[in-house]
Amino acid sequence: DTGVSQDPRHKITKRGQNVTFRCDPISEHNRLYWYRQTLGQGPEFLTYFQNEAQLEKSRLLSDRFSAERPKGSFSTLEIQRTEQGDSAMYLCASSSPLQGAGQPQHFGDGTRLSIL
Amino acid sequence: AQSVTQLGSHVSVSEGALVLLRCNYSSSVPPYLFWYVQYPNQGLQLLLKYTTGATLVKGINGFEAEFKKSETSFHLTKPSAHMSDAAEYFCAVTTRGNNNDMRFGAGTRLTVKP
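None of the values given here were measured: they were computed from a predicted structure.

What follows is about the sheet that holds strand β6 (residues 56-58) of chain B. Residues and elements named next belong to chain B. Spatial strand order, β1-β3-β8-β7-β6: 5 strands in an open sheet with antiparallel pairing. At either end of the open sheet lies a strand with only one pairing partner, and these are β1 (3-7) and β6. Within the sheet, the average angular offset between the axes of one strand and its neighbour, ignoring direction, is 20°.

Turning our attention to the interface of chain B and chain A. Every contact between the two is made by 20 residues of chain B and, on the other side, 24 residues of chain A. One can count 1 salt bridge joining chain B with chain A. Among the salt bridges present, the one from A:R59 reaches B:D101, with a minimum N-O distance of 2.8 Å. Along the contact surface separating chain B from chain A lie 5 residue pairs in polar contact (both at pLDDT 80 or more). The element best represented in the side of chain B that touches chain A is strand β10 (residues 98-104) of chain B, accounting for 6 residues. Here the residues of the side of chain B that touches chain A sort into 9 nonpolar, 8 polar and 3 charged.

We now examine the pairing of strand β4 (residues 31-37) of chain A. All names here are of chain A. With respect to burial, β4 is a largely interior element, 7 of its 7 residues being buried. Here β4 shows no split at all, with R31, Y33, Y35 and Q37 on one side and L32, W34 and R36 on the other all buried. Summarising the sheet, β4 and strand β5 (residues 44-50) pair through 6 bridges and their orientation is antiparallel. Considered in β5, the bridge of R36 is made with E44. Where β4 hands over to β5, the hairpin turn is made up of 6 residues, of which G40 adopts a positive phi near 80°. With 7 bridges connecting them, β4 and strand β9 (residues 88-95) associate as antiparallel partners. The residue bridging W34 from the neighbouring strand is C92, located in β9.

Across the junction of A:D7 and A:P8, the peptide omega takes the value -5°, indicating a cis bond. Of note, B:N61 is a non-glycine position whose phi angle comes to about 60°, a positive value. With respect to the secondary-structure elements, B:N61 resides in the loop between β6 and β7 (64-68). Residues other than glycine seldom take positive phi values, yet B:T72 does so here, at roughly 45°.

Each value, and the rule that gives it
- Residue positions are given per chain, counted from 1 along the sequence in the order it is written.
- Each chain takes a letter, starting from A, and each ligand takes a number, starting from 1, following the order in which they are written.
- In view of the model being predicted, local features appear only for residues whose pLDDT reaches at least 70, and side-chain atom pairs are presented and counted only at 80 or more, with totals across whole chains, interfaces and linings using the full set of residues.
- Think of the side-chain values as coming from all heavy atoms in the structure, minus any hydrogens and water.
- In this analysis, strands are considered paired if DSSP registers two or more bridges between them.
- Numbering of helices and strands runs from the N terminus; a helix is a DSSP stretch of H or I covering at least four residues, while a strand is a stretch of E covering at least two.
- Here, axes are lines fitted to C-alpha atoms. For helices the fit covers the stretch in contact, and angles between N-to-C directions go from 0 to 180 degrees.
- Residues are treated as being in contact if the distance between any of their heavy atoms lies within 4.5 Å.
- Any Lys or Arg side-chain nitrogen located within 4 Å of an Asp or Glu carboxyl oxygen qualifies as a salt bridge.
- Here a polar contact means two N or O atoms within 3.5 Å. Within protein one must be a hydrogen donor candidate and the other an acceptor candidate, and residues neighboring in sequence count only if both atoms are side-chain atoms.
- Any residue that is not Ala, Val, Leu, Ile, Met, Phe, Trp, Tyr, Cys, Pro, Asp, Glu, Lys or Arg is counted as polar, Gly included; the first ten are nonpolar and the last four charged.
- Exposure categories follow from relative accessible area, calculated using a 1.4 Å probe and restricted to protein chains: below 20% of the type maximum is buried, above 50% is exposed, and the middle band is partly exposed.

Following this line, the structure appears as structure tokens:
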């Protein structure tokens, strides 16, 4: 179990640029989640995949945000035309396919995005 | 939708003292409750979870939490604080029918004084 891996750890970019983040979940986990965390707040859910299917995306923050998981393994989160307000930590989590009571989500260390 | 409220954004205790971090939940169906810890510039690490069964749940690093349905609470405790416990703690809730919709509280920053 190598844990959830996110890349890059830090991204600094100018306003208006596009950015893409990658998440590699725990290998046997079929569920993958993206969250945004701003300073002093808890994680805010963005979107969720089960295998390659994106089952929830209504809470993506705007149409500038999109996510993919083309082969049901790693996932990418893209933000187009970045704005100052996009500066935050972006967290990825994965969970087991086991059915039943509350499978916990396992988090990566996040990608910290800073918009200049 | 379900939600949690963490009472107290900052808690400070002396090393060796009792740690008590408060969490109240709101849910129209039986909840699943979690406590996570976050160290600076890291992701969240699961401390413990409650799903069904025993209401007193023991987790890692000596932490435990008790599910109290009558009080809609899931407070986190540790009998004796250690310097290494200084971190941000998050309470979270999901439900059986919507297990993938996890809602987090705003967090409580724990400071441990020597």
